[in-house]
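Coordinate analysis (summary)
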Amino acid sequence: MTLSSVWNTVYPIIIAILFFELIIIIHEGGHFVAARLMKIKVNEFSIGMGPKLIQFQRKDTKYTLRLILFGGYCSMEGEDGESEDKNAFGNKKVIQRIFVVVAGAVMNLILGLIIMLIIVSSQSLVGTTQIAKFEDDAVSASSGLQVGDTIKSIDGMRVYTTNDISTGISRSQDNVLDIVVIRDGEEVELDVTFDMEDYDGQQYVKMDFWLYGAPKTVGGVLSQTLKEFVSYARMVFLSLHDLIVGRYGITDLSGPVGAVSVVSDAVKTSSYSMLRIMALLTINVGLFNLFPIPALDGWRFFVLIAEGITRKKLPTKAEYLINAIGLVLLLGLMCVVTFSDITKLF
């Protein structure tokens, strides 16, 4: 094996790991900046996990670089217990604590929006949902779709972007889709048949047409960026729905190992694919952190909302116990998913 081939294998993995660390730094950095704005004492801001490589102190905060670049944290005074310090997290107003808690996830979502803006801005045209042409012998054309049709919904899912069309088609459980199009200014409902194709041992509906692109304008780029961002956010909730109803199982989930593998594959494919996957991942992390699951920011947000309404704090021991149980369950799930990721690799 040549040095060049080794590098071609290694560098996509390095980029994937660095991107995940960027997601974490952006998230914890959001907590850090928000804490500073609310005059909350930050004891330590750490990049990475494990043994310390570098540490220095500025005012009341230790800044640490650790050996394993896969993690990080922002440790605030009084975050997980009682503190007499007036600048402790627990001694601030509810609205101030809410601001700090949600700041990490919000920063992840902003990163996703920025990546999406880069993607849309770098394209020669802005995507539309209007059919431009069909593949030769396209089954969907023979079953009702026409050039010039603007796709409005697929199996009841409203369509706004080209990504929505791909998502709607890929989520179908058979090859006959209920598609609503705008044709000559009127809505037309069609039962459209598609071919199936095999990918990685599974059957998927094949998209057999192309869509028009529109000339870029500042307004068009900004509008498309917001639409694509919402489309990716919706994919997160659709995936959660499919998991809850049993369409996908635990083994279909991916953890850090699987995600690094997906990102590194995308890096080797193209910068476009890489940015798409990165945008989806950071939006996923931002939204998932806001779910009301113990040990996540969303649970703390939920507890703070309850405190704001009832004017009563959840007892520290109870909050600690709930978060500990949630953390154990999440780590258990992570172990199962990571094991599944490793077995898939081999």
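Here's what I pulled together on the structure shown here. The structure displayed is predicted, hence computed values, not measured ones.

Now for the overall build of the protein. Each helix and strand in the protein was counted, giving 9 helices and 10 strands. The principal-axis extent of the C-alpha atoms belonging to the protein is close to 75 × 60 × 40 Å. Taking all 346 residues of the protein together, 39% fall into the buried category. A separation threshold of at least 6 residues defines the contact pool for the protein, and within that pool the share at least 24 residues apart is 66%. Working note: accessible area of the protein is about 19400 Å², and carbon and sulfur atoms make up 63% of it.

Moving on, we come to the pattern of salt bridges. One pass over the structure, following the stated rule, counts 10 salt bridges. Its salt-bridge partner being arginine 300, residue glutamate 79 comes within 3.2 Å of it at the nearest N-O pair. Note that glutamate 79 is positioned in the loop between β2 (61-76) and α2 (94-122) and arginine 300 in helix α8 (residues 297-310), a separation of 221 residues in sequence. The exposure class assigned to arginine 300 is buried, which follows from its relative accessible area of 15%.

This part is about the environment of serine 46. With respect to the helices and strands, the residue serine 46 is situated in strand β1 (residues 42-58). Classification of serine 46 by relative accessible area gives buried; the value is 2%. Along the chain, serine 46 and leucine 314 lie 268 residues apart, while their C-alpha atoms are 28 Å from each other. Setting aside its immediate chain neighbours within four residues, serine 46 contacts Thr64, Arg66, Gly72 and Tyr73.

The geometry of two aromatic rings is summed up by the distance between their centres and the angle between their planes. Enumeration over the complete set of coordinates arrives at 10 aromatic pairs. Judged by centre distance (6.0 Å) and plane angle (70°), the ring pair of phenylalanine 32 and tyrosine 63 falls under edge-to-face. Residue phenylalanine 32 is located in helix α1 (residues 3-37), and its partner tyrosine 63 is located in strand β2; the two are separated by 31 residues in the primary sequence. Relative accessible area serves as the criterion here: at 14%, phenylalanine 32 is assigned to the buried category. Ring pairs connect the aromatic residues Phe32, Phe45, Phe56 and Tyr63, which therefore count as one cluster. Above the plane of the ring of tryptophan 210 lies lysine 133, whose end atom (NZ or CZ) is 5.0 Å from the centre.

Moving on: helix α4 (residues 162-171). Here α4 has its buried residues at Asn163, Asp164, Ile165, Thr167, Gly168 and Ile169. The N-cap of α4, judged by a side-chain oxygen 3.3 Å from the amide nitrogen of asparagine 163 a few residues on, is threonine 161.

Axes are the key here: two packed helices are described by the angle between their axes and the distance separating the axes. Relative orientation of the contacting elements α2 and helix α7 (residues 271-288) amounts to 160°, with a least axis distance of 8 Å. On the basis of their axis angle, the class for α2 and α7 is roughly antiparallel. Judged by the sense of rotation from one axis to the other, the crossing of α2 with α7 is left-handed. Contacts between α2 and α7 involve Ala105, Asn108, Leu109, Leu111, Gly112, Ile115, Met116, Ile118 and Ile119 from the former and Tyr272, Leu275, Arg276, Met278, Ala279, Thr282, Ile283, Val285, Gly286 and Leu287 from the latter. In terms of residue class, the contact of α2 with α7 is made up of 14 nonpolar, 4 polar and 1 charged.

Let us look at α8. For an α-helix, the turn length of 3.6 residues means that residues three or four places apart are oriented alike. For α8, spanning 14 residues, the distance from its first C-alpha to its last is 20 Å, which sits close to the expected 20 Å at 1.5 Å a residue. For α8, the full list of buried residues reads Asp297, Gly298, Trp299, Arg300, Val303, Leu304 and Glu307. Looking one or two residues past α8, arginine 311 carries a phi angle of roughly 65°, positive in sign.

Below, the discussion takes up unusual backbone geometry. Excluding glycine, a negative phi dihedral is what most residues carry, and trans is how most peptide bonds are arranged. A positive phi angle, close to 60°, is found at lysine 39, a residue other than glycine. Summarising the element assignment, lysine 39 is placed in the loop between α1 and β1. Taking the relative accessible area as the measure of exposure, lysine 39 reaches 60% and is therefore exposed. Notably, aspartate 184 is not glycine yet its phi reads approximately 55°, a positive angle. Inspection of the secondary structure puts aspartate 184 in the loop between β6 (176-183) and β7 (186-193).

Reading the values: the criteria
- Residues numbered from 1 in each chain as written.
- Predicted model: local features only at pLDDT ≥ 70, side-chain atom pairs only at ≥ 80, totals over all residues.
- Heavy atoms only, no water.
- Helix = DSSP H or I, 4+ residues; strand = E, 2+ residues; numbered from the N terminus.
- Buried < 20%, exposed > 50% of the residue type's maximum accessible area, 1.4 Å probe, protein only.
- Contact = heavy atoms within 4.5 Å.
- Areas by Shrake-Rupley, 256 points an atom, 1.4 Å probe, with all protein chains shown as cover.
- Salt bridge = Lys/Arg side-chain N within 4 Å of Asp/Glu carboxyl O.
- Phe/Tyr/Trp six-rings, centres within 6.5 Å; stacked < 30°, edge-to-face > 60°.
- Lys NZ or Arg CZ within 6 Å of the ring centre and 35° of its normal.
- Polar contact = N/O pair within 3.5 Å; in protein donor to acceptor, adjacent residues only side chain to side chain.
- Axes fitted to C-alpha atoms, helices over the stretch in contact; angles between N-to-C directions.
- Parallel < 35°, antiparallel > 145°, perpendicular 65-115°, else oblique.
- Left-handed = near helix turned anticlockwise from the far one by under 90°.
- Nonpolar A, V, L, I, M, F, W, Y, C, P; charged D, E, K, R; others polar.
- Expected span 1.5 Å × (residues − 1).

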